Each structure stands twice: as structure tokens, then as C-alpha cells.
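Here are the chains, one letter per residue:
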Amino acid sequence: MATIIGAGKYVFGEDIPMGKYNLKVIRGNGRLSIQAEAATDSDDIDEDFIYLGDDNNYAKSYTGLSLPEGWYFSLDGNVEVEISKSKMLEIE
């Protein structure tokens, strides 16, 4: 099952159930920012980011997004993405 999301901040374990996710651009352009370190007393939390969009200069998808509980990712701009749980391979 997939859901369409747009600009906003999404916290794992609060806004998004824990797990591993894939993001696929539906339309627009923007920035995906991912929390890269544990929060401290400071408001300055390091983030990794990637530009997502339907323009040729942007990434069309991001796979394997998984964060510890309470960590966040955010989308800025007018980008809309389809978010879906990654499928696990069955190993026999």
C-alpha cells in the first residue's frame, strides 16, 4: 500500500510507522532532508539531504529510508512523493 505525501516533517514512530520505506516522485520538485544525528539540547541537528523532483536535474526516487524511533525526515518545496514500505526478499 502506498500513500502520497507532500511538504512537511514526518517523525518515525509518530507520523510514520517504524520500517523501511521507498519514496517515488509523483510531481514537483523539492528537497528531502533526513535527520543524521541524535537530537541534543541544541536546535541545530545535522541533516543529510537530496533533491527530489520530476525535473531531469533531480532524483526521481529514494529507496531504503529507515530511521530510529523519534527521528524525522522532511520534504520541502512543491514535491509530492508516493511512500511505500520496502518489500523484504524471502531467503530460503
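One structure accompanies this document, and this report is about it. (Residues numbered from 1 in each chain as written. Predicted model: local features only at pLDDT ≥ 70, side-chain atom pairs only at ≥ 80, totals over all residues. Heavy atoms only, no water.)

## Looking at the sheet that holds strand β7 (residues 72-77)
Pairing in this open sheet of four strands is antiparallel, and the strands run β2-β7-β4-β5 from one edge to the other. Two strands close off the open sheet at either side, each with one partner strand: β2 (8-11) and β5 (47-53). Neighbour-to-neighbour, the strand axes of the sheet open up by a mean angle of 20 degrees, direction not taken into account. Sheet topology note: the strand β4 (residues 29-35)/β7 ladder contains five bridges and is antiparallel. In the sheet register, I34 faces β7, and the bridge partner there is F73. (Pairing = 2+ DSSP bridges. Helix = DSSP H or I, 4+ residues; strand = E, 2+ residues; numbered from the N terminus. Axes fitted to C-alpha atoms, helices over the stretch in contact; angles between N-to-C directions.)

## Thoughts on the nonpolar core
By size, the foremost hydrophobic cluster in this structure holds 17 residues, and its most contacted members are F73, L75 and V81. Of all the elements in the fold, those that place two or more residues in this core are β3 (21-27), β4, β7 and β8 (80-85). The element contributing the most residues to this core is β3, with three residues. Dropping the residues within four chain positions of it, V81 is found in contact with T3, I4, I5, L23, K24, V25, I26, L52 and L75. (Core = buried A, V, L, I, M, F, W, Y, C linked by side-chain atoms within 4.5 Å. Buried < 20%, exposed > 50% of the residue type's maximum accessible area, 1.4 Å probe, protein only. Contact = heavy atoms within 4.5 Å.)

## Focus: the packing of aromatic side chains
A full pass over the atoms with the stated rule returns five aromatic pairs. For the pair Y10 and F73, a centre-to-centre distance of 5.2 Å together with 25 degrees between the ring planes defines the contact as stacked. Of this pair, Y10 sits in strand β2 while F73 is found in strand β7, placing the two residues 63 residues apart along the sequence. The exposure class of Y10 is buried, given its relative accessible area of 14%. By relative accessible area, F73 is classed as buried at 0%. Between F12 and Y21, the ring centres sit 5.9 Å apart and the planes meet at 70 degrees, which makes this aromatic pair edge-to-face. Every member of this aromatic cluster is reached through a ring pair, and the members are Y10, F12, Y21 and F73. In this structure, K9 packs its charged tip against the face of Y72, placed 4.4 Å from the ring centre. Here the guanidinium or amino end of R31 rests over the ring plane of F49, the centre of that ring lying 4.8 Å away. (Phe/Tyr/Trp six-rings, centres within 6.5 Å; stacked < 30°, edge-to-face > 60°. Lys NZ or Arg CZ within 6 Å of the ring centre and 35° of its normal.)

## A look at the side chain of S86
Within the fold, S86 resides in the segment after β8. Polar contacts involving the side chain of S86 include one to the side chain of N22, which spans 3.0 Å. Residue contacts for S86: discarding those within four places in its chain leaves K20, Y21, N22 and G64. (Polar contact = N/O pair within 3.5 Å; in protein donor to acceptor, adjacent residues only side chain to side chain.)

## Considering the sheet that holds strand β1 (residues 2-5)
Overall, antiparallel pairing links the four strands, which are arranged β1-β8-β3-β6 in an open sheet. Edge positions in the open sheet fall to β1 and β6 (61-65), since each of these has one partner strand only. Pairs of neighbouring strands in the sheet enclose a mean axial angle of 25 degrees, with direction left out of account. Two strands pair when backbone bridges link them, and β3 and β6 are joined in this way by three bridges, in the antiparallel orientation. When the sheet's bridge partners are listed, L23 is paired in β6 with Y62.

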